[in-house]
Amino acid sequence: MTGEAKLIVQGLSHHYPDEYTGESVHALDNIDLQIHENEFVAIVGPSGCGKTTFLNIIAGLLPYREGRALVDGTEIRGPGPDRGVVFQEHAILPWRTVKRNIGHGLEIRRVPKAEREKTVQEYIDLVGLSGFEDRYPHELSGGMKQRVAVARTLCADPVIMLMDEPFAAVDAQTRITLQDELNRVVMATRKTILFITHSVEEAAFLGDRCIVFSRRPGHIKTEVKIDIPREDRVWKDMVDNPKFTEARDNILRLVRSEVTNDVDS
Amino acid sequence: MTTITEFSVAIQRRFGRQRLRKFILGMIPFIVLIFVWHLNSIFVWLDPVEIPPIADVWGAIFWLQSDCPGVIAAIEGHGDCILTNHVSSSILRVILAMVVGVPLGIGFGILAGMNRVVSAYLEPIGVFMNSVSGIAWIPLAVVWFGVGWETTLFIMLNTIFWLLFFNTMMGVRAVPKVLIQGVQTLGGTRLDAILQVYLPGAMTSIITGLRMSMAFGWRALIAAEMIGGDSGLGFMIFVSSSEFKTEEVFLGIILISIIFLATDRWLLVPLEKWTIERWGLVWKPT
């Protein structure tokens, strides 16, 4: 953890007018967060707690007024290639082949074709899509589409990769595979990652740190450190890892208390 | 196996049973029509000036081209190649109107689809213009531009532009926002979003718009040529009818349909296959 944090958020709050009543909704409340290089931070919280709002603000897709948010020392103003996003589903372009979807960021940056194809091939191999380079997304399974989405984001080489419940829309077995694979990819690329999920298990499995969000207005309720080396994070071993089960149960209790507690604490 | 069965099996293998079946069923009404038409020339229920015999319609091709010195002259538009001149005149007018109208319609459609202010300006006038049937403009256009290509171009543009405008706009609005956000977070500019997301994303609607433009534009052209044209198939039909050369009228009508079918088969269907079918954006029966 040397040097300045890759992502710095200070006192970030967010209000937006309700679509129907026009009343101001308090979505995020005074968030302070730092993410350092190579860190994997998972945000978990009950649905409607503002975690996706938070990610959209960091991605620059949602303007904010209260507080500060900096990536690599620069104030966030709109979307940019320094913050790649993997969306929940259906975000890769149906009219581009696997290869051209993954290379899209480089194409936008006008990287010469030969160099681009070399880099793209590396990422295709990394996410295990060799042989599918020239397929269109409609010819792929849901899990493969998300592999393309991850490779597309990584290929553009962002400072931080933002992931918004990327595995929520795939079936349970595929999800486990994708989580294992993501660990492998993270080890290979040493990316800094902010990962949003509603799955406690997923957060505990993937995160170096898990940030538990409260109910709306979302604020950071607790932070749970999960001190398991990434090499050991493989599902077949993790299920009996006491560090993992303890962290998972701990986070689960914290999230459940947010869902079931009727009175705002 | 007899030769006929062998032949039938070979054909079915070549084209596919279902496609062949569909084709044959579709041909039956035409065969009935031609058969009845032919019976009329034998029994003369209706006068040849009303329904000319098939042979006369066929013969009209050669009669109209009789003074044409040859194929090269026909392509060059020699004054005596009457039929080919009318056909090429109509086709060139369609091409001209498409070249002008399609980019304009798609361009404004994308703008209006992306931007609520632009659509707020253009939508009401579009509905107004669309509600006025294209051919209702013909008398006015003749006053403004006289008889000739300006009139036919104006009439066709009126049809093509608004159809493409509305279809493109709807298509752009239906493009999922997350696709745009994906490109933005890769560092894409607004131009990237237009060319790489909105345009291909709206392609299904754009092709519908193109198909409608061809259909309605072509009809509008024929009507415009009849009243405000100095050449073209519509003009030919109109003049021939006033001279009671019904066989030429029939020939003109048949050519209009054939040309329209050909543009659909050779331009729009390949475009569809090349884009939205390849991208999996349309449901395709297997």
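Description of the nonpolar core
All names here are of chain B. V197 and L233 are the most contacted members of the largest nonpolar core, which totals 51 residues. Of all elements in the fold, only helix 3 (54-64), helix 5 (82-114), helix 8 (149-173), helix 9 (177-184), helix 10 (190-201), helix 11 (203-228), helix 12 (233-242) and helix 13 (246-277) reach the threshold of two or more residues within this core. With residues near it in sequence (within four places) discarded, L233 still touches H86, V87, S90, I222, E225, G252, L255, I256 and I259.

Some details on the sheet that holds strand 8 (residues 192-197) of chain A
Residue and element names in this part refer to chain A. Spatial ordering of the open sheet is given by 6-7-8-3-9-10, a layout of 6 strands whose pairing is mixed. Among the strands making up the open sheet, the edge pair consists of strand 6 (83-86) and strand 10 (220-225). Within this sheet the neighbouring strands show an average axis-to-axis angle of 20°, counted without direction. With 4 bridges joining them, strand 6 and strand 7 (residues 160-164) adopt parallel strand pairing.

Points about the domain arrangement of chain B
Here the domain parsing of chain B yields domain 1 (2-45) and domain 2 (71-278). For domain 1 of chain B and domain 2 of chain B, the distance between their C-alpha centroids amounts to 33 Å.

Observations regarding the environment of D82(A)
Residues and elements named next belong to chain A. For D82, the position within the fold is in the loop between strand 5 (74-75) and strand 6. As a C-alpha pair, D82 and A156 span 74 residues in sequence and 8.4 Å in three-dimensional space. Beyond its immediate chain neighbours, meaning those up to four positions away, D82 contacts V71, P158, V159 and I160. Looking at D82, its side chain comes within polar contact range of the side chain of R83, at 3.2 Å.

Here we look at the interface of chain B and chain A
The interface is formed by 20 residues belonging to chain B together with 24 residues belonging to chain A. Between chain B and chain A the total buried area reaches about 1,900 Å² when both faces are included, carbon and sulfur atoms providing 68% of it. Seen at the junction of chain B and chain A, the total is 5 residue pairs in polar contact (both at pLDDT 80 or more). Of all elements in the fold, only helix 9 and helix 10 of chain B reach the threshold of two or more residues within the side of chain B that touches chain A. Of the residues forming the side of chain B that touches chain A, the biggest block, 6 residues, is contributed by helix 9 of chain B. By residue class, the composition of the side of chain B that touches chain A is 8 nonpolar, 9 polar and 3 charged.

Structural notes on the confidence of the model for chain B
Low pLDDT marks regions whose predicted coordinates should not be analysed in detail. For chain B, the average pLDDT comes to 90, and 98% of its residues sit at 70 or higher. For this predicted complex, the interface confidence reaches an ipTM of 0.91, while the overall pTM sits at 0.87.

Some details on the packing of helix 5 of chain B against helix 10 of chain B
Residue and element names in this part refer to chain B. At a minimum axis separation of 12 Å, helix 5 and helix 10 run at an interaxial angle of 105°. Our classification of the angle between helix 5 and helix 10 gives roughly perpendicular. Contacts from I106, I110 and M114 of helix 5 reach helix 10 at R190, I194, Y198 and L199. Residues belonging to the contact of helix 5 with helix 10 are distributed by class as follows: 6 nonpolar, no polar and 1 charged.

Some remarks on the state of the cysteines
Residue and element names in this part refer to chain A. Taken as a whole, this structure holds 1 disulfide over all chains when the rule is applied. Among the cysteines around C49, which has no disulfide bond, C210 carries the closest sulfur, lying 13 Å off. Exposure remark for C49: the relative accessible area of 1% places this residue in the buried category.

Thoughts on the sheet that holds strand 5 of chain A
Through backbone hydrogen bonds, the strands of a sheet pair up, either in parallel or in antiparallel fashion. Residues and elements named next belong to chain A. As summarised here, the arrangement of the 4 strands in space is 2-1-4-5, forming an open sheet in which the pairing is antiparallel. Unpaired on one side and paired on the other, strand 2 (24-35) and strand 5 mark the two borders of the sheet. Of the strands in this sheet, strand 1 (7-17), strand 2 and strand 4 (66-71) are in contact with helix 1 (residues 51-59), which crosses strand 1 at around 115°.

Parameters at a glance
- Residues numbered from 1 in each chain as written.
- Chains lettered and ligands numbered in written order.
- Predicted model: local features only at pLDDT ≥ 70, side-chain atom pairs only at ≥ 80, totals over all residues.
- Heavy atoms only, no water.
- Core = buried A, V, L, I, M, F, W, Y, C linked by side-chain atoms within 4.5 Å.
- Buried < 20%, exposed > 50% of the residue type's maximum accessible area, 1.4 Å probe, protein only.
- Helix = DSSP H or I, 4+ residues; strand = E, 2+ residues; numbered from the N terminus.
- Contact = heavy atoms within 4.5 Å.
- Pairing = 2+ DSSP bridges.
- Axes fitted to C-alpha atoms, helices over the stretch in contact; angles between N-to-C directions.
- Domains from an automatic or database assignment.
- Polar contact = N/O pair within 3.5 Å; in protein donor to acceptor, adjacent residues only side chain to side chain.
- Buried area = accessible area lost by both parts, 1.4 Å probe.
- Nonpolar A, V, L, I, M, F, W, Y, C, P; charged D, E, K, R; others polar.
- pLDDT = per-residue confidence, 0-100.
- Parallel < 35°, antiparallel > 145°, perpendicular 65-115°, else oblique.
- Disulfide = S-S within 2.5 Å.

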